[in-house]
Amino acid sequence: MWREKKRDMKNKKKDFGPYLYLLPAAVIIFTFRLIPIVLSFIVSFFDWSITGVGGFIALENYGRLMHDAEFWQSMLNTFYLVIFVVPIGLLLALFFANLLNSIEKLKGFFRSIYFIPTVTSMVAISIVWKIMFNQQTGLFNYLLGKIGVNPLGWLAESRGIFDLLLSSAGVDYTAFVTSISGWMHMSYNASYMILAGPSLALFSIIMLTIWKGLGYNTIIYLAGLQNIPSVYYEAAEIDGAGRAKQFFKITLPLISPTTYYVLMMTTITTFQVFSQIYLMTGPPIGGPLGTTKVIVYYLYDKGFGEAGDLSYASAIALVLFAIILILTMVQKRMEKRVHY
Amino acid sequence: MTNWNKTITYTILIICGISMIVPFLWMATTALKSQKEINKGNVGFIPYEEYTAYTRDGVEKRIKVVVAGADSSVVNIFNDAGKIVSAYRKVPNELISEKKKLVFHFENFTEAFNKVPFARYFLNTIIVSTLVVFGVIVTGSLAAYAFARMQFKGREFLFYLFISMMMVPQPVYLIPSYILMHHLGWLDTYNALIIPWIANIFTIFLLRQQFKTIPQELFDAAAIDGCSRFGILWKIVLPLSKSVIVTSAIFGFIGSWNSFMWPLVMIDSPQLRVLQVGLSYFSQEASAQTTLLMAASTFSILPLLILFVIAQKQIIASFASTGLKG
C-alpha cells in the first residue's frame, strides 16, 4: 500500500505517461494535418510552385480570383450543386426514413438495399453512371425511348435545365434572357448562366450525388426517428391528432438535431464534390462549356493540371475553407436557437 | 396502419429500392454483353445475341445474307467458330430466320482484369488499407486512452484542437500536403498513401467516447491487483470496446479502399496505383469499351459489396452511430 502511494506521488510530479500514449497519434496529426493546414495559408500568399518558393505576393492570388471568370463559374456551379443536392437529398431521406420506420416486415432488407451505394466507390459508380447517361448506348435514353420521350444530351448538354424545360413548353427563352439581361445591365452569357439554372450535365451529376448519399442520410434519419419515444405519438393519438399533424408537431421538431447534422454533413461533402466531376465530365474541360466545373475540380485543375499553380490553387482552397467555416458557424448558431 | 397505407408504403419502397439497385444490375448485365450487341443498340438488361439462322433438318447454322431475294437468298454459312464453311449458297427464305439467344460473355471479366494490371492494383489497395486500419486502431486506442482516462496538462486544449482539425475538409490541405510529401521525398511512394493516414481523429473521438463509459471501479480494481496502465488498456479497456473498434476498422477500411483524390495526386507510377486510381485511368484508356468498363467496375466494387452483405448489420449500425452525437 505504502509503496503504491509513493509511486502515485512520484507519478503526479513527473508523469510523462499520458504524453507517451498520445505521441504516435499526435506526431502524425501534427505533421500531416496541422502543418499542412497552417501551410495552406502561407502558400497562398507566396508565389509557390513545386520547384521552389518564389517571392511574397501577399493578396495577389486573391485579387486574381476576383477577376477570374472561371472561378466564378465554378462557384456558381458548386452553388447549384449544393442548393439542389442538399434540400432534395434531405427531403427524400426523411421521406424514406419515415416509410421504413412505419413498417416491420423487410425493414432491414430495404435498409440494406438503400445503403448499397454508400459503401461502393464513387469511382466505379461514376463510370457506370457515365455510361448510363451515354446518348446512344445509355440506360436513361433507352428508358426514355420506351415511354416515347426524345433522347436527351445528359452529360454533353450545356443548356440549363430551366431553359430546356421552358423551351420545350414553347417559351422563347432567348428572348426572355435578352430582356432580363438588358434590364439588369448584365451580359447575355452571365444572365443566361444564372437564369437557366444548372446545365443538364450538372443536373445529371446532381442526380447521381443525391442517389449516392440517400442511403447514409436515410439511415441517420431512421436512427433519429427510432430515438423519439413512442409515448408522444400515443398521447397525440389520444388527443385525436392526425398523421400529418403528428409529423409536423412531433416528428419534425424532435428530429431537428438529426436534421442539423445531416444538413451540415451533406452541405460540407457536397461542397467537396470532385470524383464524379473528374470521372464523368473531365479532364480537361469540366463538362460542356465548363458547366460542371466545381470548386474542388477547379482547384485540382489549377494545382495539378497544366498550370501547376500550387499557390493559386491554395488560394481557391482557402476560399472553400472560408465558405465551409462560415456555413458551419451559421448552422451551429441556428441549431442552438432551435434545440429541443 | 391500414392495409391500403401498407400497400402504398411497400409499393413506394419497392419502386425506389429497384432504382437503388438498377445501376448495379445494369452494370453487371452490360458487363456480360458483347460490345457488338451494344453498338447495335441492345442497351436493355438482357445480354442476348441477335443473329440470322439457317435451319435445315433441325440443325441450326449461323449465316449472313449476301443477296436477299424474293423466295431464296444467297448467304454465307458459318460454323460455331465464326469461320465461313460455305460461301454464296442459295437457300430458300423459309429456312432463314432471325434469332435471339442469351449469351453471357464472361470473358469480358478476364479481358478487363488482364488489360491493365488490376491484380496489382488490388494488392496495392489491400496493403494500403490493411496497414491504415491497423495503424488507426493502434494510435487511436492509445490516444483515446490518454484523453479518456488520464489527467494531464493541456488535455482539453489538445482534444479540441484535434476535433477542430477534423472539420477541415481534405481539399483544403491537399496542396500543402503535396508540397510536404515532395520535401519528404515521399511523392510516388507508399509512404504518402499510408503514413499520413495511420492516425485518425474521428477514430480517437469514437474510442474516447467508448472508453469514458467504462466504470471507474474496473480501473480501480485492476490497479489494486497490480495491473499496469498499459495492462489495463490491453486486458480490460480494449476487450470491452470490441464493437467500437470494429466500427473504427470498418470506417478506416471503407474510407481507405474508396479514397481517390489523395492517391490520384500523390502517385504517378502505374505499378503503385491503387484500385480506384487504376480504375480511373482504365476508364480513360478503354472509354469506348463499355463492356470492359462495366466488368472492371463490377469486380472493383465486389469486395466491399461482399463485405457489406456479410456484415451489413454491423456496418449500417456503425454509420448510423455517426449521427447520434452529443
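Just so it is clear, the structure is predicted and the values come from calculations on it, not from any experiment. (Residues numbered from 1 in each chain as written. Chains lettered and ligands numbered in written order. Predicted model: local features only at pLDDT ≥ 70, side-chain atom pairs only at ≥ 80, totals over all residues.)

Here we come to the overall build of chain A. Looking only at helices and strands, chain A has 17 helices and 2 strands in total. Across the 340 residues of chain A, 42% fall into the buried class. At a minimum sequence separation of 6, the contacts of chain A that also span at least 24 residues come to 70%. (Helix = DSSP H or I, 4+ residues; strand = E, 2+ residues; numbered from the N terminus. Buried ≥ 20, exposed ≤ 12 C-beta atoms within 10 Å, placed from the backbone. Contact = placed C-beta atoms within 7 Å.)

What follows deals with the overall build of chain B. When helices and strands are tallied, chain B shows 15 helices and 5 strands. Taken against the 2.2 N^0.38 rule, which gives 20 Å for 326 residues, the C-alpha radius of gyration of chain B at 29 Å runs more than 25% over that of a compact globule. Judged by the C-alpha coordinates and their principal axes, chain B covers about 100 × 65 × 35 Å. Going through the 326 residues of chain B one by one, you find that 36% of them count as buried. Long-range contacts, defined as pairs at least 24 residues apart, comprise 65% of the intrachain contacts of chain B with a sequence gap of at least 6. (Rg over C-alpha atoms; globule rule 2.2 N^0.38 Å.)

With that out of the way, let us pick up the packing of helix α14 (residues 256-271) of chain A against helix α17 (residues 310-337) of chain A. Residues and elements named next belong to chain A. For the pair α14 and α17, interaxial distance at closest approach is 11 Å and the crossing angle is 175°. Classified by the angle between their axes, α14 and α17 sit roughly antiparallel to one another. Facing Tyr260, Leu263, Met264, Thr267, Ile268 and Phe271 of α14, the residues of α17 in contact are Leu320, Ile323, Ile324, Leu327, Thr328, Gln331 and Glu335. Split by residue class, the contact of α14 with α17 holds 9 nonpolar, 3 polar and 1 charged. (Axes fitted to C-alpha atoms, helices over the stretch in contact; angles between N-to-C directions. Parallel < 35°, antiparallel > 145°, perpendicular 65-115°, else oblique. Nonpolar A, V, L, I, M, F, W, Y, C, P; charged D, E, K, R; others polar.)

A separate point is the pairing of strand β4 (residues 84-92) of chain B. Residue and element names in this part refer to chain B. Taking burial as the measure, the 9 residues of β4 include 0 buried ones, a minor fraction of the element. Pairing geometry for strand β3 (residues 72-78) and β4, over 6 bridges, is antiparallel. Paired with valine 75 across the strands is arginine 89, a residue of β4. (Pairing = 2+ DSSP bridges.)

Domains assigned within chain B are domain 1 (3-37), domain 2 (48-102) and domain 3 (110-321). Computed over C-alpha atoms only, the centres of domain 2 of chain B and domain 3 of chain B are separated by 58 Å. (Domains from an automatic or database assignment.)

Bringing the domain arrangement of chain A into the picture now. Residue and element names in this part refer to chain A. Entries for chain A in the domain assignment read domain 1 (2-58) and domain 2 (64-160 + 198-337). Between domain 1 and domain 2, the C-alpha centre-to-centre distance is 35 Å. With 9 residues of domain 1 in contact, the opposing surface of domain 2 contributes 7 residues. Each residue belonging to the side of domain 1 that touches domain 2 can be placed in one class, and the counts come to 5 nonpolar, 3 polar and 1 charged.

Our focus in this paragraph is the environment of A:Gly215. Its place among the elements puts A:Gly215 in helix α11 (residues 200-226). Not counting residues up to four positions away in its chain, the partners in contact with A:Gly215 are A:Tyr114, A:Phe115, A:Ile116, A:Pro117 and A:Thr118.

In this section: the environment of B:Ala119. Along the polypeptide, B:Ala119 turns up in helix α4 (residues 118-149). Linking B:Ala119 and B:Arg62, residues 57 residues apart in sequence, is a C-alpha distance of 37 Å.

Below, the discussion takes up the sheet that holds β3(B). Residue and element names in this part refer to chain B. Within the open sheet, the 5 strands sit side by side as β4-β3-β2-β1-β5. Their pairing is antiparallel. In this open sheet, the two edge strands, each paired with only one partner strand, are β4 and β5 (96-102). Sheet twist, expressed as the mean angle between neighbouring strand axes with direction ignored, is 50°. Relative to β5, strand β1 (residues 48-56) runs antiparallel, the two being bridged by 7 bridges. Following the sheet pairing, glutamate 49 is matched in β5 by lysine 101.

Next up on the list: the interface of chain A and chain B. One frequent convention defines the size of an interface as the accessible area lost when the parts assemble. Listed as interface residues are 70 residues of chain A and, on the opposing side, 70 residues of chain B. Residue contributions to the side of chain A that touches chain B peak at 18 residues, all from helix α2 (residues 17-45) of chain A. Taken together, the residues that form the side of chain A that touches chain B break down as 53 nonpolar, 15 polar and 2 charged.

For the rest of this paragraph, the subject is helix α12 (residues 230-238) of chain A. In terms of residue burial, α12(A) counts as a barely covered element, since only 0 of its 9 residues are buried. Directly beyond the C-terminal end of α12(A), a positive phi value near 85° is found at A:Gly240.

Chain-level pLDDT for chain B is 90 on average; 98% of the residues reach the 70-or-more range. In the model output, the complex is listed with pTM 0.90 alongside ipTM 0.90. (pLDDT = per-residue confidence, 0-100.)

All names here are of chain B. The pairing of β1 with strand β2 (residues 59-67) spans 5 bridges and is classified as antiparallel. Its bridge partner being in β2, arginine 56 is matched across the sheet by valine 59. The hairpin formed by β1 and β2 contains 2 residues between the paired strands, and aspartate 57 there has a positive phi angle of roughly 55°. As defined by bridge partners, β2 adjoins β3 across 5 bridges and the pair is classed as antiparallel. Bridged to isoleucine 63 within β3 is isoleucine 77. As consecutive antiparallel partners, β2 and β3 are separated by 4 residues.

Residues and elements named next belong to chain A. Unlike most non-glycine residues, tryptophan 154 shows phi in positive territory, near 45°. Positive phi, close to 55°, is recorded for leucine 289, a residue that is not glycine. Structurally, leucine 289 is set in the loop between α15 (275-281) and α16 (295-304). Classification of leucine 289 as partly exposed rests on a count of 15 C-beta atoms within 10 Å.

Take the environment of B:Ile126 next. As for its position among the elements, B:Ile126 is in helix α4. Taking the C-alpha atoms as reference points, B:Ile126 and B:Lys212, 86 residues apart in sequence, are found 33 Å from one another.

Moving on, we get to the confidence of the model for chain A. Residue and element names in this part refer to chain A. Per-residue confidence for chain A averages 88 on the pLDDT scale, and 93% of its residues sit at or above 70. Mean pLDDT across the elements of chain A ranges from a minimum in helix α1 (residues 2-13), with 49, to a maximum in helix α6 (residues 122-132), with 96. Predicted confidence is poor over residues 1-6, with pLDDT under 50, and the contacts of this stretch with residues over four places away or in other chains come to 0 contacts.

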